[in-house]
Amino acid sequence: MPDELDQLTFPELVARVRACTLCADVLPEGPRPVVQLSQSARILVVGQAPGRKVHNTGLPFNDPSGDRLRGWMGIDRDTFYNERELAILPMGFCYPGTGKSGDLPPRPECADTWREALLARLPNIELTLLIGQYAQAWHLPDGRKKVTANVEHWREYWPRQLPMPHPSPRNNLWLRRNPWFEQEVIPQLQARVKALLR
């Protein structure tokens with residue numbers, strides 16, 4: 001399929017993604033790919049996969065995690081959901097279901113099938129936020145195995161990429177144990193976002 005995807009226009013490719021049913025038989029609530037894409041976007045947000053609330057609304061990061069992420073970036077909802085400025089391309093496009101300790105990992109079919117073709121069509125990205133272990137494992141081939149280690153070494157990837165912890169309320173303990181993240185990294189992130197969105 002990758003060669004075939006190269007022949008599609010960007011709108012055709014995005015339409016194919018939004019109509020994807022590759023994992024229909026294994027998704028507990030059926031397929032509903034949630035992405036936000038425009039070729040003019042300068043910032044790319046890479047999360048894991050939609051949660052149940054995002055699946056129900058079809059709006060990425062439409063939950064407490066999104067509220068915290070927007071706070072970290074220093075932007076409001078209107079700016080965040082302006083696809084001309086900001087692209088959102090999770091590692092898995094559909095809600096994968098819930099396991100024993102939270103949502104299941106993103107389905108691998110999304111990255112295997114769509115990711116390279118989509119990233120190749122986003123030529124203006126100047127900052128990519130890599131949220132959580134799955135985004136970091138794919139985008140940082142030289143990255144460390146643990147999120148904390150990747151985030152601690154954020155300067156190695158800056159200013160093109162920023163490995164981040166997940167903004168979920170489940171990570172409140174991590175944030176309390178690592179106050180340097182909000183003290184050192186967030187001001188840098190906010191300044192860079194502000195400059196790119198001018």
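Everything below is about the structure shown above.
The structure displayed is predicted, hence computed values, not measured ones.

Here we take up the packing of helix 4 (residues 64-73) against helix 10 (residues 180-196). Helix packing for two helices is described by the angle between their axes and how far apart those axes are. One way to put it is that helix 4 packs onto helix 10 with a least axis distance of 7 Å and a crossing angle of 75°. Here helix 4 lies roughly perpendicular to helix 10, going by the angle between them. Contacts between helix 4 and helix 10 pair G71, W72 and M73 from the former with F181, E182, I186, L189, Q190 and V193 from the latter. Considering only residue class, the contact of helix 4 with helix 10 consists of six nonpolar, two polar and one charged.

What follows deals with helix 2 (residues 10-18). Of the positions making up helix 2, those classed as buried are F10, L13, V14 and V17. Angularly, the buried residues of helix 2 cover 95° about the axis, an arc narrow enough to put them on a single face.

On to unusual backbone geometry, then. Cis geometry is adopted by the peptide bond preceding P159, which originates at W158 and carries an omega value of 10°. Along the polypeptide, P159 turns up in the loop between helix 8 (147-152) and strand 6 (161-164). Its identity is not glycine, yet F61 carries a phi of approximately 55°, on the positive side. Along the chain, F61 turns up in the loop between helix 3 (52-57) and helix 4. For F61, a relative accessible area of 11% puts it in the buried group.

As a further point, take the packing of helix 2 against helix 6 (residues 108-120). Put simply, helix 2 and helix 6 touch, their axes get as near as 11 Å, and they point 155° apart. In terms of orientation, helix 2 lies roughly antiparallel with respect to helix 6. Of the two elements, helix 2 crosses helix 6, and the hand of that crossing is left-handed. Across from L13, R16 and V17 in helix 2, the residues of helix 6 making contact are W114, A117 and L118. Each residue belonging to the contact of helix 2 with helix 6 can be placed in one class, and the counts come to five nonpolar, no polar and one charged.

To continue, consider the packing of aromatic side chains. One pass over the full model with this rule turns up seven aromatic pairs. With a centroid separation of 6.1 Å and 90° between ring planes, the pair formed by F61 and F80 is classed as edge-to-face. Here F61, found in the loop between helix 3 and helix 4, pairs with F80, found in helix 5 (residues 77-80); they are 19 residues apart in sequence, far enough to count as distant. With a centroid separation of 5.6 Å and an interplanar angle of 80°, the aromatic rings of W154 and W158 are classed as edge-to-face. For W154, a relative accessible area of 3% corresponds to the buried category. These aromatic residues form a ring-pair network of at least three members: W72, W174, W180 and F181. Taking NZ or CZ as reference, R70 lies 5.0 Å from the ring centre of F80, over its face. R115 extends its terminal NZ or CZ atom over the ring of W138, reaching a point 5.4 Å from the ring centre.

Throughout the structure, instances matching the rule amount to six salt bridges. Its salt-bridge partner being E4, residue R16 comes within 3.0 Å of it at the nearest N-O pair. Separated by twelve residues along the polypeptide, R16 in helix 2 and E4 in helix 1 (residues 2-6) bring together distant segments of the chain. The partner of D67 in a salt bridge is R70, with the nearest N and O atoms 2.9 Å apart. With a gap of three residues between them, D67 and R70 both fall in helix 4, about one helical turn apart.

Reading the values: rules and limits
Residues numbered from 1 in each chain as written. Predicted model: local features only at pLDDT ≥ 70, side-chain atom pairs only at ≥ 80, totals over all residues. Heavy atoms only, no water. Axes fitted to C-alpha atoms, helices over the stretch in contact; angles between N-to-C directions. Helix = DSSP H or I, 4+ residues; strand = E, 2+ residues; numbered from the N terminus. Parallel < 35°, antiparallel > 145°, perpendicular 65-115°, else oblique. Contact = heavy atoms within 4.5 Å. Nonpolar A, V, L, I, M, F, W, Y, C, P; charged D, E, K, R; others polar. Buried < 20%, exposed > 50% of the residue type's maximum accessible area, 1.4 Å probe, protein only. Arc of directions from axis to C-beta. Left-handed = near helix turned anticlockwise from the far one by under 90°. Phe/Tyr/Trp six-rings, centres within 6.5 Å; stacked < 30°, edge-to-face > 60°. Lys NZ or Arg CZ within 6 Å of the ring centre and 35° of its normal. Salt bridge = Lys/Arg side-chain N within 4 Å of Asp/Glu carboxyl O.

Such coordinate-based values are descriptive only and should not be taken to indicate function.
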